[in-house]
Amino acid sequence: MYVSAKSYIDMHYFIGDLGHFFVITAFIASLVTAFSYFKATITEALDTKQQWVLNGRVAFYAHAFSVLGICVTLFIIIANHYFEYHYAYSYSDKKLPGHYLLSTFWNGQEGSFLLWMFWHALLGIVLIHTNRFWEGPVMTVFAMVQAFLGSMILGIVLPYTEFRIGSSPFILLRDVMQQAPIFKSNPEFIPNDGTGLNPLLQNYWMVIHPPTLFLGFAATLVPFSFCIAGLWLRRYRDWVRPALPWALFGGAILGLGILMGGYWAYETLNFGGYWNWDPVENAVYVPWLILVAAIHTMITYKNSETALKASIILVISVFVLILYSTFLTRSGILGESSVHSFTDLGLSGQLLLYLLFFLLIAVALSIFRWKEIPTSEKEVSTYSREFWIFVGTLVLCLMGFQVLMPTSIPVWNSIVKSFGIASNMAPPADQVGYYTKFQLWFAVGVALLSAIGQFFWWKKVDAKVLVKELMTPLIITAVIFLIVLQFMIFTEGSDSIKKLPHLTILLAGLFTIVANAKILMSLLKSSPTLSGGAVAHIGVGMMLVGIMFSSGYSKVVSLNNTGMLISREVSDEFNRENLLLFVNEPRTMANYKIEYRGERLEPRNKAGYVSMDDVEQTDDPYRVVAKEDILYDNEVLYKAKDTFEIFPENKYFEIVLTNAKGKTHTLYPRIQDNPTMGNAASPDIKRDVTKDLYAHVVSRTPSEEIEWSKTEELKINAKQEFFANDYVCVLENVERIFKVGSVSLDSADVAVQATISVKGEYKDYVAEPIFIIRNRMVGRIPHEIKDLGVRLTLMNIHPETGQFTIGINTRQKDWIVLKAFEKPFINVLWIGTLVLMTGFTIAMVRRIREFQKMKEKGLE
């Protein structure tokens, strides 16, 4: 990992100093921005107000430029492999492709705070140019948030104290590892390479998921800022219109980020699903639920001037919950209950201050203005849309509260412990089972309300009209439900319809789809721009149906029907639900013939997979040499003797599925030698229209426990056939060589290499054992063919007879233990997410156009 010390001139001090300068400038500029906009807000004189606004804009532009400067300098450090910096050393290495180098930018806490600041800076510039009336108070809040975020990456120690503010991404490695002997002896020492990005995060979803999620985080600040501005200026009614498009934008982007994370988990992790109710997942899920609730109350107020106070409470709650989730995931408090949380960098005090500051400001301002906030004196009818939106909002809030409380148990334990009291409370052991049993019924409530609520007009609707409108969707839903039940009985048997919770959520999801489809058809004829809600609700219904089938009716298909135990040391369930596959020995599984073809490597710069028997290892674990032309999908990936790079931490397992019609599909599940998580298994998925076949490797041949047979020696002639592990072998040729690997031989040395062809089930292999005499000592270098479990050795040469002695060792063939699931109709879930995002987009575009029209009239 390390090289000898480099000279002083190799230390890249300037770029780090420049980055730190930008950090300090961004922090100071945010404070100047906040002060200037604050003065502009409270100043009555127009000339003075405009001057303060101008000062605020200049300061915010300087802040935004500085944030961009921090991003650029940090990426320069990462991209140029300046490993004297702790951040580059900790999260990157020289082997990472460019797009994964980008991922390292936000892999650490400092980088993720910086990403958050970047999105805030961009959104702030947009706000400055789109809404001049609200600019002062809104940007005051924006700048204060930026100041707090900027403090997280300051990395300065207050004079005459040991109190540190923030953690700098530009700190040198030697300043973090001060006790390391190498830095004591040579402070200018630079590591030759970094520790690298966690291999599990080397996934294309991790390039786009975090930026999307943090854009969602950033977007929640906009409606919060408008809400605070409305309370501050006593413009209690007016803040909703400019805030609503941003709330819709935030809801869409944050939801999309959450769904991206779920899809990454489905593709990369091996727990068999897309949502594991991990505390970090919950910490993002809860604010999104409350944001959706806030969007509905804001729409209610826009249409009927009710639910204004509820909108204020919910909008404030969303942002506070975002800050709370930041505290949960970055303070280290979840360290023992979540695999996703960050370790504590000493920022927990700052994070708590950040949370409490905005919580207290928002609560205090709301209390002081509460009596002045207008409320509707009209009684809300149970036959009005306002009433049912209020009920739906309550359900969403309870849904979030049920998740929030158990997730916050570590916080409660920490608070109690600070008072010297021991707490035995612990998060649920079975997280999936615990949360699902509650969330399922909340989801049913949301689905039914999403269906029924659309049929209510604003204010009040006649009961007879309502019944008439609902009758058609109810009948259609009942017919579809019965058809689905018959299909389930036909394909899965009568037991499949005995799961009451699953059938309930199926019925609710179908009703949501049908009811909102009726609304959508009528809107498309009259007012297409109003269709966003109906489209989004159809997406919700589809997601519920997809979740119900893919989770509730997921089944294990890798059943062990051989009558043989995999191991006596594991449970009966393990022996029953996993399939033992030896190389090139077919089995049956889920109406497929399944066959394991062997272990494969992944080239770094080309798509495809390479057999380990087709390459020769080098001294560099990242580089191998092709023994022969390597084909993948009937195309030449590499020619013989080509040297190419691989991902040595990844081992793929080629599994061929053949259906009754002879059509084949190849899976490549992976096991990764992960420095953080040990051997981490990732699935591969066969995607069909109606289901996914989801398979991952549970276990494989342990390399350290291989037992070879006693050597069998055969004296044979050139071109003679012989058998090894029941495979036909032919000694094709024996010739002298003058180089063994990278070592050149002297004239006094003798090395002979045999070429032996071995006919496997699906391809011919070539073994090249070597017999060597060097310094009057005999040596033998055997050749192993992993796929076949054969090791061949050139034991001796008999010049008097022209024969050769070949040593044969065999072992049990390589094997894997495979677990596979069928995930029925999971595509309904993924399509539903796209429909949901489409609905959000339609609604957002409508509100933006509405805001622009009001702005053109001078009302904004």
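All of these numbers come straight from a predicted model, not from anything done at the bench.

### Section: the overall build of the chain
Okay, step 1: When its secondary structure is counted, the chain shows 21 helices and 31 strands.
Okay, step 2: When its C-alpha atoms are laid out on the principal axes, the chain stretches across 115 × 75 × 55 Å.
Okay, step 3: Within the span of the chain, comprising 860 residues, buried residues form 53% of the whole.
Okay, step 4: A separation threshold of at least 6 residues defines the contact pool for the chain, and within that pool the share at least 24 residues apart is 69%.
Okay, step 5: Carbon and sulfur atoms make up 60% of the accessible area of the chain, which totals about 40000 Å².
Okay, step 6: Counting 74 positive and 75 negative side-chain charges, the chain places the averaged centre of each group 9 Å from the other.

### Considering the nonpolar core
Okay, step 1: By size, the foremost hydrophobic cluster in this structure holds 175 residues, and its most contacted members are W116, F224, F226, W239, Y354, L506 and F840.
Okay, step 2: Aside from chain neighbours lying at most four places away, what touches L506 is F481, V484, M488, V545, M548 and F549.
Okay, step 3: Residues Y727, V758, Y765 and L792 belong to the second largest nonpolar core, which totals 21 residues.

### Thoughts on the sheet that holds strand β12 (residues 643-645)
Okay, step 1: Overall, antiparallel pairing links the three strands, which are arranged β8-β9-β12 in an open sheet. In the strand order of this sheet, the two ends are held by β8 (615-617) and β12, each with one partner. Pairwise comparison of adjacent strand axes, ignoring direction, gives a mean angle of 40° for this sheet.

### Digging into the environment of T43
Okay, step 1: You can see T43 is positioned in the loop between α1 (13-42) and α2 (46-79).
Okay, step 2: The buried category is assigned to T43, whose relative accessible area is 15%.
Okay, step 3: For T43, the residues in contact, after removing those within four places along its chain, are T48, K49 and W52.
Okay, step 4: A polar atom in the side chain of T43 sits 2.4 Å from the backbone oxygen of K39.

### With respect to the packing of aromatic side chains
Okay, step 1: All chains considered together, the criterion is met by 46 aromatic pairs.
Okay, step 2: With 6.0 Å between their ring centres and 55° between their planes, F21 and F22 make a pair best called tilted.
Okay, step 3: Relative to F358, the ring of F319 lies with its centre 6.0 Å away and its plane at 90°, an arrangement referred to as edge-to-face. Taken together, the residues span a long stretch of sequence, with F319 in helix α12 (residues 308-330) and F358 in helix α13 (residues 348-369) at a distance of 39 residues. In this structure, F319 and F358 share a single accessibility class: buried.

### Details of helix α19 (residues 532-552)
Okay, step 1: Taking 1.5 Å as the rise per residue, α19 with 21 residues should run 30 Å; its terminal C-alpha atoms sit 29 Å apart, in good agreement.
Okay, step 2: Most of α19 sits out of view: 17 of its 21 residues are buried.

### With respect to a nonpolar patch on the surface
Okay, step 1: A grouping of V467, M471, I475, V479 and I483 is seen on the molecular surface, where their side chains present a nonpolar patch of about 450 Å² in accessible area.
Okay, step 2: Inspection of the secondary structure assignment puts M471 in helix α17 (residues 463-492).

### Some words on the side chain of E267
Okay, step 1: Along the polypeptide, E267 turns up in helix α10 (residues 240-268).
Okay, step 2: The class for E267 is buried, based on a relative accessible area of 17%.

### Considerations on the packing of α10 against helix α21 (residues 826-856)
Okay, step 1: The contact between α10 and α21 brings their axes to 8 Å, and the two run at 160°. In terms of orientation, α10 lies roughly antiparallel with respect to α21. Crossing of α10 against α21: the hand is left-handed.
Okay, step 2: Of the residues that constitute the contact of α10 with α21, the class distribution is 19 nonpolar, three polar and three charged.

### With respect to the environment of R846
Okay, step 1: You can see R846 is positioned in helix α21.
Okay, step 2: In this structure, the C-alpha to C-alpha distance between R846 and P528, residues 318 residues apart in sequence, is 9.9 Å.
Okay, step 3: Other than its neighbours up to four places away in sequence, R846 contacts T529 and L530.

### Some details on the confidence of the model for the chain
Okay, step 1: Confidence in the prediction of the chain, expressed as mean pLDDT, is 88, and 95% of residues score 70 or more.
Okay, step 2: Predicted confidence in the chain is weakest over strand β23 (residues 743-744), with a mean pLDDT of 78, and strongest over α1, with 96.

### So, the sheet that holds strand β19 (residues 712-717)
Okay, step 1: Read from one edge to the other, the open sheet built from four strands follows the order β19-β30-β29-β28, with strand pairing classed as antiparallel. Of all strands in the sheet, those bounded by a partner on one side alone are β19 and β28 (783-785). Along the sheet, successive strands turn relative to each other by an average axial angle of 30°, direction set aside.
Okay, step 2: Sheet topology note: the strand β29 (residues 790-798)/strand β30 (residues 803-810) ladder contains eight bridges and is antiparallel. Opposite H798, over in β30, you have Q803 as the bridge partner.

### Considering the domain arrangement of the chain
Okay, step 1: Under the domain assignment, the chain is made up of domain 1 (1-197), domain 2 (221-427), domain 3 (428-553) and domain 4 (712-811).
Okay, step 2: Using only C-alpha atoms to locate each centre, domain 2 and domain 4 end up separated by 69 Å.

### Here's the deal with the packing of helix α9 (residues 204-233) against α10
Okay, step 1: Orientation of α9 relative to α10, taken along the N-to-C sense of each, is 155°, at an axis distance of 8 Å. When the axis of α9 is compared with that of α10, the two are roughly antiparallel. The way α9 lies across α10 gives a crossing that is left-handed.

### Details of the pattern of salt bridges
Okay, step 1: If you walk through the whole model with that rule in mind, you get 30 salt bridges.
Okay, step 2: The closest approach of N and O atoms between D620 and K95, which form a salt bridge, is 3.6 Å. Residue D620 is located in the loop between β8 and β9 (623-626), and its partner K95 is located in the loop between α3 (86-91) and α4 (98-104); the two are separated by 525 residues in the primary sequence.
Okay, step 3: The exposure class assigned to D620 is partly exposed, which follows from its relative accessible area of 23%.
Okay, step 4: One salt-bridge network, held together by shared partners, links K95, R604, D620, R623 and E645.

### Points about the pairing of strand β31 (residues 815-824)
Okay, step 1: The buried count for β31 comes to 10 of 10 residues, which makes it a mostly enclosed element.
Okay, step 2: The alternating pattern of β31 places W815, V817, K819, F821 and K823 on one face and I816, L818, A820, E822 and P824 on the opposite face, and all of these are buried.
Okay, step 3: Direction of pairing for strand β3 (residues 555-556) relative to β31: antiparallel, over a ladder of two bridges. Paired with V556 across the two strands is F821, which belongs to β31.
Okay, step 4: With four bridges connecting them, strand β4 (residues 579-582) and β31 associate as antiparallel partners.

### Things to note about helix α5 (residues 109-130)
Okay, step 1: Over its 22 residues, α5 extends 32 Å from the first C-alpha to the last, a length consistent with the 32 Å expected when each residue adds 1.5 Å.
Okay, step 2: Of all 22 residues that make up α5, 16 are buried, and the element is covered over most of its length.

### Brief notes about unusual backbone geometry
Okay, step 1: At K641, a residue that is not glycine, the phi angle is positive and equals roughly 75°.
Okay, step 2: As for its placement among the helices and strands, K641 is situated in the loop between β11 (635-638) and β12.

### Details of the environment of L836
Okay, step 1: Position of L836 among the secondary structure elements: in helix α21.
Okay, step 2: Sequence separation of L836 and A748 is 88 residues, and the distance between their C-alpha atoms is 76 Å.
Okay, step 3: Residues contacting L836, with those up to four places away along its chain left out, are W288, A536, G539, V540 and M543.

Parameters and conventions
Residues numbered from 1 in each chain as written. Predicted model: local features only at pLDDT ≥ 70, side-chain atom pairs only at ≥ 80, totals over all residues. Heavy atoms only, no water. Helix = DSSP H or I, 4+ residues; strand = E, 2+ residues; numbered from the N terminus. Buried < 20%, exposed > 50% of the residue type's maximum accessible area, 1.4 Å probe, protein only. Contact = heavy atoms within 4.5 Å. Areas by Shrake-Rupley, 256 points an atom, 1.4 Å probe, with all protein chains shown as cover. Lys, Arg positive; Asp, Glu negative; His and termini not counted. Charge placed at Lys NZ, Arg CZ, Asp CG, Glu CD. Core = buried A, V, L, I, M, F, W, Y, C linked by side-chain atoms within 4.5 Å. Pairing = 2+ DSSP bridges. Axes fitted to C-alpha atoms, helices over the stretch in contact; angles between N-to-C directions. Polar contact = N/O pair within 3.5 Å; in protein donor to acceptor, adjacent residues only side chain to side chain. Phe/Tyr/Trp six-rings, centres within 6.5 Å; stacked < 30°, edge-to-face > 60°. Expected span 1.5 Å × (residues − 1). Patch = residues over 30% accessible without salt bridge, like charges linked within 9 Å, V, L, I, M, F, W, Y side chains within 5 Å. Salt bridge = Lys/Arg side-chain N within 4 Å of Asp/Glu carboxyl O. Parallel < 35°, antiparallel > 145°, perpendicular 65-115°, else oblique. Left-handed = near helix turned anticlockwise from the far one by under 90°. Nonpolar A, V, L, I, M, F, W, Y, C, P; charged D, E, K, R; others polar. pLDDT = per-residue confidence, 0-100. Domains from an automatic or database assignment.

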